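# Residue-level structural notes
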Amino acid sequence: MALPAFNAEGDLPAGLHAATLDEVVVRFGSGSRQREEVTRRLERIHRIAVATGKLERFVIFGSYITAKRDPNDIDVFMVMKEDFAWKEYDRETQLLYDHLRSQAEFGASVFWAKPSIMFLGTVDDFIAGWQHKRDQTRRGIVEVTP
Amino acid sequence: MIQNDVELNGTLERIAWFQQILMQIRAKATPEDFDAMSSGYRCELKKMQDEVLEYLSRYPDKSSKDESREPNLAGVV
C-alpha cells in the first residue's frame, strides 16, 4: 500500500505506515542534498540491522518522514530479538547499538529494545508511542518491512 | 525549544514515558545490554529535561494568556 500524503502540518497522518525500504527511499529520499545524505545513512543503518539476523521491527520517526526539506538526521526505533547479543558483532554493528556513538558515526538517533522491555501491552502499543509530538498531537511513523 | 505551555505539557508527558521505559530496562535488561540499550533513552530524557528547565527559566509572555492551557503539574518530578 502506498504511503499516504502529508497532512496540512507536513506530517504523515497519525498511525503506523508500512513500507519497504525502496518505497521509503522513493518517497523521502530526494529533494535536497541533505535529504539524500540522510537517506544514505538510513540505508546503511538498515543494512547493518538486517545483517544481525536478529531484527524484528524497524521503525522510522521524526523529521525525515515529514515534508521538511532538510531533516537533520534519521530517527529510528528497533525491536531486536530476545537473544540478540550486540557485543558479539563487529565494531560497526556495535557502534549502531550505542546511542551516543551511533549519533557520531551514523548521524542517526537510534533507540532499541527487546520484546521483554515492552510495558504498554503489546509491541505494537509500544511502537505507537513514537508518534507523539511535543505539541501533544500525533504524527505518522513508518515501519520498514521486508 | 519549547515554545508554550502546550509544548511544555507535551514534553512532560514524553519525559514520563521515557522514564517508564528506563525503569523497565533497569528491571528487565541483561547486564550486557543495559548500558547500550538505555543510552538512547537517557540521552533523550536529559535533553527534554534541559528544555523544560530552559522554558521554565524564561519569564512568560502574559499578553495572550489562555487559561485553558495552564501547565499540567500532575506527576511532575
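It should be noted that the structure appears before, not after, this text.
Below is a short write-up of the structure. (Residues numbered from 1 in each chain as written. Chains lettered and ligands numbered in written order. Predicted model: local features only at pLDDT ≥ 70, side-chain atom pairs only at ≥ 80, totals over all residues. Heavy atoms only, no water.)

It is worth spelling out the interface of chain A and chain B at this point. The interface of chain A with chain B comprises 26 residues on the first partner and 27 residues on the second. Considering only the side of chain A, the residues that lose the most area to chain B are Ile117(A), Phe119(A) and Arg134(A), jointly responsible for 33% of the buried surface there. At the boundary of chain A and chain B, one finds 2 salt bridges. The closest approach of N and O atoms between Asp33(B) and Lys114(A), which form a salt bridge, is 2.5 Å. In this structure, the connection of chain A to chain B is made through 9 residue pairs in polar contact (both at pLDDT 80 or more). Breaking the side of chain A that touches chain B down by element, the ones donating at least two residues are helix 4 (99-106) and strand 4 (108-113) of chain A. In terms of residue count, strand 4 of chain A provides more of the side of chain A that touches chain B than any other element does, 4 residues in total. For the side of chain A that touches chain B, a count of residues per class yields 15 nonpolar, 6 polar and 5 charged. (Contact = heavy atoms within 4.5 Å. Buried area = accessible area lost by both parts, 1.4 Å probe. Salt bridge = Lys/Arg side-chain N within 4 Å of Asp/Glu carboxyl O. Polar contact = N/O pair within 3.5 Å; in protein donor to acceptor, adjacent residues only side chain to side chain. Helix = DSSP H or I, 4+ residues; strand = E, 2+ residues; numbered from the N terminus. Nonpolar A, V, L, I, M, F, W, Y, C, P; charged D, E, K, R; others polar.)

This part takes up the sheet that holds strand 1 (residues 16-20) of chain A. All names here are of chain A. Spatial strand order, 1-5-2-3-4: 5 strands in an open sheet with mixed pairing. With partners counted over all chains shown, the strands left at the sheet margins are strand 1 and strand 4, one partner each. Across the sheet, the mean angle from the axis of one strand to that of its neighbour is 25°, orientation sign disregarded. Looking at chain direction, strand 2 (residues 55-61) and strand 5 (residues 141-145) are connected through 2 bridges and run antiparallel. Residue pairing across strands places Val-59 opposite Glu-143, the latter belonging to strand 5. (Pairing = 2+ DSSP bridges. Axes fitted to C-alpha atoms, helices over the stretch in contact; angles between N-to-C directions.)

Relative to the assigned elements, Arg14(B) resides in helix 1 (residues 5-28). In this structure Arg14(B) is buried but unpaired, with Glu44(B) as the nearest side chain of opposite charge at 6.4 Å. Excluding residues that lie within four positions of it along the chain, Arg14(B) makes contacts with Gly129(A), Trp130(A), His132(A) and Met48(B). (Buried < 20%, exposed > 50% of the residue type's maximum accessible area, 1.4 Å probe, protein only. Lys, Arg positive; Asp, Glu negative; His and termini not counted.)

All right, on to the packing of helix 1 (residues 21-28) of chain A against helix 2 (residues 33-51) of chain A then. Residue and element names in this part refer to chain A. The contact between helix 1 and helix 2 brings their axes to 10 Å, and the two run at 170°. Taken together, the axes of helix 1 and helix 2 lie roughly antiparallel to each other. Between helix 1 and helix 2, the residues in contact are Leu-21, Val-24, Val-25 and Phe-28 and Arg-35, Thr-39, Leu-42, Glu-43 and His-46, respectively. Tallied by class, residues from the contact of helix 1 with helix 2 come to 5 nonpolar, 2 polar and 2 charged. (Parallel < 35°, antiparallel > 145°, perpendicular 65-115°, else oblique.)

According to the stated counting rule, one finds 19 aromatic pairs over all chains in the structure shown. Measuring from centroid to centroid gives 5.4 Å for Phe111(A) and Tyr41(B), while their planes differ by 50°, and the two rings are tilted. Separated into two different chains, Phe111(A) in strand 4 and Tyr41(B) in helix 2 (residues 31-56) make up a pair that spans both. Exposure class is identical for Phe111(A) and Tyr41(B). Each is buried. Members of the aromatic cluster, joined through ring pairs, are Phe61(A), Phe77(A), Phe111(A), Phe126(A), Trp130(A), Trp17(B), Phe18(B) and Tyr41(B). For Arg27(A), the ring lying beneath its charged end belongs to Phe6(A), and the centroid distance is 4.6 Å. A cation sits over an aromatic face here: Arg35(A) above Tyr64(A), 5.2 Å from the ring centre. (Phe/Tyr/Trp six-rings, centres within 6.5 Å; stacked < 30°, edge-to-face > 60°. Lys NZ or Arg CZ within 6 Å of the ring centre and 35° of its normal.)

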